[in-house]
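The chain contents come next:
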Amino acid sequence: SQRPRQGLRCRLPASLGLFQGALLLFFALFVSYDEHTDAASQAVDTDPGANQLYGVFPFFQDVQVMLAVALGLLLAFMPRYGLGALAYNFLLLNFSTQWALALQGLLYHFHHGKVHLGLRNVLTAEFAAVTVLISVGAVLGRTSPFQLLLAAFCEIPVYLASEWAIITWLKVLDVGGTITIHVFSCYFGLGMSKALFRPGKQLGHPKENPTYQSDLLSLAGMLSLWVFWPSFVAALCQPGDAQHRAVLHTILALSASVLTTFLASGPLESRGKLSLGHLQNASLAGGVAIGALADMMITPAAALALGSLSSLACVLGFKFLAPFLARRLGLLDQCGIHNLHGLPGLIGAVAGVVAILVASEETYGHRFYQVFPARGPPGGNSSLAGSWPEVMPGRSASEQALFQAAGLAVAIGGSLLGGFLTGTLLRLPGLAQPPQELCFDDALYFKIPDPAETSEPDNPAEEAHLALKERV
Amino acid sequence: SQRPRQGLRCRLPASLGLFQGALLLFFALFVSYDEHTDAASQAVDTDPGANQLYGVFPFFQDVQVMLAVALGLLLAFMPRYGLGALAYNFLLLNFSTQWALALQGLLYHFHHGKVHLGLRNVLTAEFAAVTVLISVGAVLGRTSPFQLLLAAFCEIPVYLASEWAIITWLKVLDVGGTITIHVFSCYFGLGMSKALFRPGKQLGHPKENPTYQSDLLSLAGMLSLWVFWPSFVAALCQPGDAQHRAVLHTILALSASVLTTFLASGPLESRGKLSLGHLQNASLAGGVAIGALADMMITPAAALALGSLSSLACVLGFKFLAPFLARRLGLLDQCGIHNLHGLPGLIGAVAGVVAILVASEETYGHRFYQVFPARGPPGGNSSLAGSWPEVMPGRSASEQALFQAAGLAVAIGGSLLGGFLTGTLLRLPGLAQPPQELCFDDALYFKIPDPAETSEPDNPAEEAHLALKERV
Amino acid sequence: SQRPRQGLRCRLPASLGLFQGALLLFFALFVSYDEHTDAASQAVDTDPGANQLYGVFPFFQDVQVMLAVALGLLLAFMPRYGLGALAYNFLLLNFSTQWALALQGLLYHFHHGKVHLGLRNVLTAEFAAVTVLISVGAVLGRTSPFQLLLAAFCEIPVYLASEWAIITWLKVLDVGGTITIHVFSCYFGLGMSKALFRPGKQLGHPKENPTYQSDLLSLAGMLSLWVFWPSFVAALCQPGDAQHRAVLHTILALSASVLTTFLASGPLESRGKLSLGHLQNASLAGGVAIGALADMMITPAAALALGSLSSLACVLGFKFLAPFLARRLGLLDQCGIHNLHGLPGLIGAVAGVVAILVASEETYGHRFYQVFPARGPPGGNSSLAGSWPEVMPGRSASEQALFQAAGLAVAIGGSLLGGFLTGTLLRLPGLAQPPQELCFDDALYFKIPDPAETSEPDNPAEEAHLALKERV
């Protein structure tokens, strides 16, 4: 097992250094401030309180907690891979955010030879990074950090292309990223896993099994994700009643998910006991599904129902579908991303179509063309439309529904293809993929204290041992 | 020990399913949006930034962290019941919030055949849920999840009745819920515990004793509660200077509680050592007490003094009163809620009376009738009163003080009675109450990894054992 | 080892009681409300939404999380000193904040015989407290709580004097506290450590070594600090574009620090493995350095470069400088504060000078005299200056740069001297300094569960033992 260490020793630092250097150069040459951060472009009478910072920062901070802390803890359920789960998640978050910041800048914010930067760009770049953090969940623990970085490097551009096609080109409605983020990242991860691992070869691993302590940490991580999830869904909403609805619907969906998880998990498990894997995942399923329609007038009841349904699908996925896929397709899904992001994502996408088909101007009033900008006249009541500027030649409800379906197809197709190619790339030699017996083991990449020297206060044997040591 | 599992297997999921289904039906038939979340009721020129969301959400998020994450960790001091502490707290939070959402909706927001819903309703529903989370602290670990759910089902309506009587009917001032939430939930829990457990039968339990690791988690939970407590107290305050005072006073009270806890704990313990139980509870006592007068002009010094006094009472309660009650009344208070919520709550209620008796129009100026709406003319200076609309035939200071005392009596009486009846109900057979030897043990209700298979990196014996395993 | 306990038993409570009593008296006699918290000073038509609370509270809460929770967890890397790390950090935070609240009140907010108090005062007092929390990092684990309190009592006034000289007198620009907080507290801590410990006497200690679990907690603490760091830097900025830049620059610097830490740590360690000490510290270095220039128009690229550079310095400091200082000067730096706060602080101070030298009115426009108030006419374009009131006889860029250098000298000189004297004071007998064999051990000051009675679910031996117990 020299290979992995060699790989890490030279290639990881070298490539990280290369990336950071290139990004620095790009920033030095092309990145400047936007109108909210540029001092010179402020008028004397600009109201400081109206700066975009104050609308973005609270949501941004919540999302930061989710991605940097909570998600890492959730992934730390593997008892000897907890440091890796926290550290690699953190590394990938920063790598992917910087990478997306550069590419999104060129794609959307490049004017007069400069990319114009503000906090909102960082927020959207983090949403791109989320896809990486989700996707790697399929292969976590059986891959080297170097492989994970390479996967991030490949996934970000594919995501940006897919997101551009879905949102900008097809004008799909997906305010919380159900289709663009969750569905995409899930199938990207599965494609990657499929290409990377030979069926049958990957058996259960002794170090995979959570311990009581690691399950506790992971549960705490889920709870933190659960708390801040409404900010994730609502962060990019139109301010006002739309954002208020997005927050309210997400809370209701998440709350229904929790009750449904508790009622569904026990009966499926031997002797009616609750499964921690179910709790750690299905409690969040409602938040995944609601994203596609969070800002629409779907009624609070629909939000509850959607949360219930998606967490039920998640639990059933863990119990029946995942083992089936593993058996039949030899598909390895380490963290069960298909159960948490795939199935609820699909349910949310379908629910979005229904919500669009039943939407009417009576329900939305003046806001109709704000929530459905692509449904402008002649598709709609022009008197109302007048009150909303960015209205284009209108789509009918069924047309918009078809575009939603097309968007979903793009997300699934693009991610599967991109993921499979990425996974194939990750099989190249020299990427330091750990051998089976060294998977899920932080000792491979971290300087870990030698257990013989440690002193856990709750280990009587060591207590005695040390007591002696000290007397000497 | 088949009984508990059977109970959990059938009854818990069945009743949860029944509840979720009924609630869904209720929402589908009767729940709609309020003026802040309904798209149709927005005028073209409505300022999105003025939506109620932005005044409520920051406080709501802080309270969510406290209830879903921090409180769960604080309760996780029982080393083999940590998963249960986190998971049941989470389940009860969601169950109680949904239950309160429905009942409060009917009570306060039912117009034209519809309950009108916004984020603020969810916030007030969570305040109702807090009472459940506190009360169950008295019986945690010796009860089944099914019993806990039944307790929540009973407590919410009792709380709403008591709160309605105290706030709406008696017009008691209690902005931070000292009387309505803390005193009420404490005595509800004690009444429940008294009825549920036969005196003397419940002895100390080996699994109750915290370990170093569980104490550490619990301490981290307390710290998180401490940080966000000001948001809990100030969330429902009048915006502006009143809310500013509530935040300031809470911080000062909490800070004094910390110093007083550190100075009081050592001398009371053998060999001057600090008790973690004291730290984990008394550091928060000031936040409990300040709620009844947080928005009043009590001077910063009074906030400090109140924090000091209440944490001292909490420490003394742990040291002397709790053991006394256990001995004399056979009263079981697993998490010491009487020390943290009962005693400081009573102190805060009395302090509130004093603050009301000394309040004068000179100190409050135009704000007098905002802070004391029931003190309107002819009780007060009508010229000032004019500036504050919702003013009713006035009360004198001493009248208001009497109403405060009446409110406290309602909270204590109602909670003791309601709690006792609930506890009696929980003794019914078939509620899966765990036998003594299976208390405080997550293995009873959770699929816990078999220790023989786990691999804790800091257990040398297992290290060696696994190393061998891998070679094979 | 009776001495320490005796000391703690009497002196710590006594001195804490004395302090709290004196502070209470001071508050009762001299502390009142400011215009944002005083009800009487509110006009009838005051807009509640304009209260200062709403500009300060979000940043305040983030800083509270950092100081009370995240920093404590970061310091909990010593496996048998985790409770102490959390608890003493919490005690010192509250003690120092109250102490600074009183002194800063007298220094800046004393009008008409009263200190006027609002949430902003508490925020600035917490910034003072930070210096204590950082400084004690140099001596943590080898000192008694009583010594730590005495250190805090001495450091706060020294800090306030130094900060007054640097900011008020020399008008140094340091919006994020790089010079006034980080550099100052680092050298105060080192001076204290130098005076307190005799060279050579302090060897490595068995209980210092982190375990897997303690490293995990510490890593989670670092991640939480990392997330909220932008609020720490931007909290006291001018609202608007300046605050927006401060947040953006801090995020970029922190992000670059993370990548640089990952690329720098491995190659320096044996067999290319990552050092957790590096991750736990160097990932934050960019946040330390950026404070001196966070609100200036330094370009996003410069923020990235600064973050990279400072984390590189931090890693090299851990690897080479710290051991060298320990060997040559017998300097003990328990938590490596010189690597995280000293070196990045110096780099940030120098970068600030450069940013000032290259700043021009073209880049800043109307904001020039807001960011550089001391550079008013005749130093600058008077037409622009007119738009910014608080402009005084102007300084040239190089003059301002010299003042920055002077400020840095004051910070280093004052802290080294003050720290050394404090350290000398801490060597007085009767301060309960723990003997070498009892360092880093919570058992000395906390009532810790007797391991023989604890029941860790992941200890098979105990499992069996308890199983038997229950059958009996």
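Keep in mind that what you see is a predicted model, and the values were worked out from it rather than measured.

Engineer: Explanation requested: the overall build of chain A in the structure shown.
Structural biologist: Assigned secondary structure in chain A consists of 17 helices and 3 strands. For chain A, the residues scored as buried account for 66% of the 472 residues in total. Long-range contacts, defined here as pairs at least 24 residues apart, represent 77% of the contacts in chain A between residues at least 6 apart.

Engineer: Can you walk me through the interface of chain A and chain B in this structure?
Structural biologist: Interfaces are often described in size by the accessible area the parts lose on coming together. Contact with chain A, which involves 73 residues of that partner, is made by 74 residues of chain B. When chain A packs against chain B, the two sides together hide about 6600 Å² of surface, and 69% of this comes from carbon and sulfur. When the buried area of chain A at its contact with chain B is split by residue, A:Tyr212, A:His244 and A:Leu259 rank highest and sum to 12% of it. Linking A:Glu269 and B:Lys447 is a salt bridge whose minimum nitrogen-to-oxygen distance equals 2.8 Å. Per element, the largest residue contribution to the side of chain A that touches chain B is 17 residues, and it comes from helix 8 (residues 241-268) of chain A.

Engineer: Which parts of the structure should I look at to understand the domain arrangement of chain A?
Structural biologist: All names here are of chain A. In terms of domain boundaries, chain A breaks down into domain 1 (2-34 + 55-358 + 396-440) and domain 2 (441-472). Here domain 1 and domain 2 have C-alpha centroids that lie 37 Å from each other. Domain 1 puts 18 residues into the contact, and the matching count from domain 2 is 6 residues. Across the domain 1/domain 2 interface, buried area totals approximately 960 Å², and carbon plus sulfur atoms make up 61% of it. Here domain 1 and domain 2 share 1 salt bridge between them. One salt bridge connects arginine 80 with aspartate 441, and the closest N-O pair in it is separated by 3.7 Å. Run the count over domain 1 and domain 2 and you get 5 residue pairs in polar contact (both at pLDDT 80 or more).

Engineer: Explain the relation of the copies chain A and chain C to me, please; I cannot follow it from the model alone.
Structural biologist: Mapping between the two chain copies consists of a rotation about an axis together with a translation along that axis. Expressed as a screw transformation, the operator carrying chain A onto chain C has a rotation angle of 120° and an axial translation of 0.0 Å, and the superposed copies differ by an RMSD of 0.0 Å. Expressed as a symmetry operation, the mapping of one chain copy onto the other fits a three-fold axis. No C-alpha of chain A approaches the rotation axis more nearly than that of A:Pro58, which lies at 4.6 Å. In this assembly, only 9% of the residues forming the interface of chain A have copies in chain C that are likewise at the interface, indicating a heterologous arrangement.

Engineer: Looking at this structure, how should I read helix 8 (residues 241-268) of chain B?
Structural biologist: For an α-helix, the turn length of 3.6 residues means that residues three or four places apart are oriented alike. Between its first and last C-alpha, helix 8 of chain B extends 40 Å over 28 residues, near the 40 Å set by a 1.5 Å rise per residue. Where burial is concerned, most of helix 8 of chain B is hidden: 26 out of the 28 residues are buried.

Engineer: Where do I start with the state of the cysteines in this structure?
Structural biologist: Throughout this description, disulfide means a covalent bond between two cysteine sulfur atoms. Applying the stated criterion to the full structure yields 0 disulfides over all chains. Its sulfur unpaired, C:Cys154 is 18 Å from the next cysteine sulfur, which belongs to C:Cys186.

Engineer: Would you explain the sheet that holds strand 1 (residues 31-33) of chain C in this entry?
Structural biologist: All names here are of chain C. What the 3 strands build is an open sheet, ordered 1-3-2; its pairing is mixed. The open sheet has two edge strands, strand 1 and strand 2 (110-111), and neither has a second partner. As paired elements, strand 2 and strand 3 (residues 114-117) share 2 bridges and run antiparallel to each other. Residue pairing in the sheet places phenylalanine 110 in a bridge with valine 115 of strand 3.

Engineer: How should I be thinking about the pairing of strand 3 of chain C in this particular structure?
Structural biologist: Within a regular strand, the side chains alternate between the two sheet faces. All names here are of chain C. Residues of strand 3 alternate between two faces, with Val115 and Leu117 buried on one and Lys114 and His116 left unburied on the opposite face. In this structure, strand 1 lies alongside strand 3, joined through 3 bridges in parallel fashion. Note on strand 3: the bridge partner recorded for valine 31 is valine 115. Joining the antiparallel neighbours strand 2 and strand 3 is a turn of 2 residues, in which histidine 112 adopts a positive phi near 50°.

Engineer: Would you mind going over the interface of chain A and chain C with me for this structure?
Structural biologist: At the junction of the two partners, chain A supplies 74 residues and chain C supplies 73 residues. The junction of chain A with chain C conceals about 6600 Å² of combined surface from both sides, 69% of it contributed by carbon and sulfur atoms. The three residues of chain A that bury the most area against chain C are A:Tyr33, A:Phe90 and A:Lys447, which together make up 11% of that side's buried surface. Across the contact surface, chain A and chain C share 1 salt bridge. Linking chain A with chain C are 22 residue pairs in polar contact (both at pLDDT 80 or more). For the side of chain A that touches chain C, a count of residues per class yields 45 nonpolar, 18 polar and 11 charged.

Engineer: I would appreciate a short explanation of the relation of the copies chain A and chain B in the present structure.
Structural biologist: For the pair chain A and chain B, the best superposition has an RMSD of 0.0 Å and corresponds to a rotation of 120° with a translation of 0.0 Å parallel to the axis. Mapped onto chain B, only 10% of the interface residues of chain A again fall at the interface, so the copies present different surfaces.

Engineer: For this particular structure, what's the right way to read the packing of aromatic side chains?
Structural biologist: By convention here, two paired aromatic rings are described through the distance between centres and the angle between planes. Scanning the entire structure with this criterion turns up 57 aromatic pairs over all chains. Ring centres of C:Tyr364 and C:Phe372 lie 5.0 Å apart, and the angle between their planes is 75°; this geometry places the pair in the edge-to-face category. Look at C:Tyr364 and you get buried, because its relative accessible area is 2%. Here C:Phe372 falls in the buried class, since its relative accessible area comes to 1%. The aromatic ring of A:Phe403 is capped on one face by A:Arg395, whose charged end is 3.5 Å from the ring centroid.

Engineer: Even after reading the chapter, I still don't get the pattern of salt bridges, so can you show me in this structure?
Structural biologist: Between side chains of opposite charge, pairing is possible as soon as their charged atoms come close. In total, this model carries 18 salt bridges over all chains according to the counting rule given. Note that B:Arg142 is salt-bridged to B:Glu208, the shortest N-O span being 3.8 Å. Of the two residues, B:Arg142 sits in the loop between helix 4 (119-135) and helix 5 (145-169) while B:Glu208 sits in the loop between helix 6 (178-196) and helix 7 (212-234), which places them 66 residues apart along the sequence. Here the two residues B:Arg142 and B:Glu208 agree in accessibility, since each one is buried. Counted as one network, the salt bridges with shared partners bring together A:Asp241, A:Arg245 and A:Arg367.

Engineer: Teacher, can you tell me more about the sheet that holds strand 3 (residues 114-117) of chain B here?
Structural biologist: In sheet architecture, strand pairing relies on hydrogen bonds along the backbone and comes in two forms, parallel and antiparallel. Ordered in space as 1-3-2 (chain B), the 3 strands form an open sheet in which the pairing is mixed. In this open sheet, the two edge strands, each paired with only one partner strand, are strand 1 (31-33) and strand 2 (110-111) of chain B.

Engineer: Explain the nonpolar core here, please?
Structural biologist: Of all hydrophobic cores here, the largest spans 481 residues; its most connected members are A:Phe27, A:Met296, B:Phe27, B:Met296, C:Phe27 and C:Met296. Excluding anything up to four places from it in sequence, B:Met296 contacts B:Leu173, B:Arg245, B:His249, B:Ala355, B:Ile356, B:Tyr364, B:Val371, B:Phe372 and C:Tyr33.

Engineer: Mind showing me how you'd approach unusual backbone geometry here?
Structural biologist: Across the chain, the bulk of peptide bonds are trans and the bulk of non-glycine residues have phi less than zero. Residues and elements named next belong to chain B. In the Ramachandran plot, threonine 299 falls in the positive-phi region, its phi being about 75° despite a non-glycine side chain. With respect to the secondary-structure elements, threonine 299 resides in the loop between helix 10 (285-290) and helix 11 (300-329). One non-glycine residue, phenylalanine 440, lies in positive phi territory at about 55°. Checked against the element boundaries, phenylalanine 440 lands in the loop between helix 16 (397-426) and helix 17 (460-471).

Engineer: Where do I start with helix 4 (residues 119-135) of chain A in this structure?
Structural biologist: When the terminal C-alpha atoms of helix 4 of chain A are compared, their 25 Å separation across 17 residues agrees well with the 24 Å that a helix rising 1.5 Å per residue should span. A large share of helix 4 of chain A lies buried, amounting to 15 of its 17 residues.

Engineer: Which parts of the structure should I look at to understand a nonpolar patch on the surface?
Structural biologist: All names here are of chain A. Residues Leu25, Leu29, Phe30, Leu106 and Phe110 make up a contiguous nonpolar surface patch of about 450 Å² in total accessible area. Broken down by element, the nonpolar patch gets its largest block of residues, 3 residues, from helix 1 (residues 2-30). Looking at where phenylalanine 110 falls in the secondary structure, it is placed in strand 2 (residues 110-111).

Engineer: What's the story with the side chain of B:Asp34 in this structure? I'm lost.
Structural biologist: Residues and elements named next belong to chain B. Tracing the chain through its elements places aspartate 34 in the loop between strand 1 and helix 2 (53-75). Among buried Asp, Glu, Lys and Arg side chains, aspartate 34 stands out as unpaired, with arginine 120 the closest opposite charge at 8.4 Å. There is a polar contact of 3.0 Å between the side chain of aspartate 34 and the side chain of threonine 37. Among residues more than four places away in sequence, those in contact with aspartate 34 are His116, Leu117, Gly118 and Asn121.

Engineer: Looking at this structure, I do not really get the packing of helix 7 (residues 212-234) of chain A against helix 3 (residues 82-108) of chain B. What am I missing?
Structural biologist: To describe two helices that pack against each other, one gives the angle between their axes and the distance between the axes. At a closest axis distance of 9 Å, the pairing of helix 7 of chain A and helix 3 of chain B adopts a crossing angle of 25°. Regarding the angle of helix 7 of chain A to helix 3 of chain B, the classification is roughly parallel. Considering the relative orientation of helix 7 of chain A and helix 3 of chain B, their crossing is left-handed. The residues of helix 3 of chain B that touch helix 7 of chain A, namely those facing A:Tyr212, A:Asp215, A:Leu216, A:Leu219, A:Ala220, A:Met222, A:Leu223 and A:Trp226, are B:Gly82, B:Leu83, B:Leu86, B:Ala87, B:Phe90 and B:Asn94. Class assignment of the residues belonging to the contact of helix 7 of chain A with helix 3 of chain B gives a composition of 11 nonpolar, 2 polar and 1 charged.

About the cut-offs
Residues numbered from 1 in each chain as written. Chains lettered and ligands numbered in written order. Predicted model: local features only at pLDDT ≥ 70, side-chain atom pairs only at ≥ 80, totals over all residues. Heavy atoms only, no water. Helix = DSSP H or I, 4+ residues; strand = E, 2+ residues; numbered from the N terminus. Buried < 20%, exposed > 50% of the residue type's maximum accessible area, 1.4 Å probe, protein only. Contact = heavy atoms within 4.5 Å. Buried area = accessible area lost by both parts, 1.4 Å probe. Salt bridge = Lys/Arg side-chain N within 4 Å of Asp/Glu carboxyl O. Domains from an automatic or database assignment. Polar contact = N/O pair within 3.5 Å; in protein donor to acceptor, adjacent residues only side chain to side chain. Least-squares fit on C-alpha atoms with pLDDT ≥ 70 in both. Expected span 1.5 Å × (residues − 1). Disulfide = S-S within 2.5 Å. Pairing = 2+ DSSP bridges. Nonpolar A, V, L, I, M, F, W, Y, C, P; charged D, E, K, R; others polar. Phe/Tyr/Trp six-rings, centres within 6.5 Å; stacked < 30°, edge-to-face > 60°. Lys NZ or Arg CZ within 6 Å of the ring centre and 35° of its normal. Core = buried A, V, L, I, M, F, W, Y, C linked by side-chain atoms within 4.5 Å. Patch = residues over 30% accessible without salt bridge, like charges linked within 9 Å, V, L, I, M, F, W, Y side chains within 5 Å. Areas by Shrake-Rupley, 256 points an atom, 1.4 Å probe, with all protein chains shown as cover. Lys, Arg positive; Asp, Glu negative; His and termini not counted. Axes fitted to C-alpha atoms, helices over the stretch in contact; angles between N-to-C directions. Parallel < 35°, antiparallel > 145°, perpendicular 65-115°, else oblique. Left-handed = near helix turned anticlockwise from the far one by under 90°.

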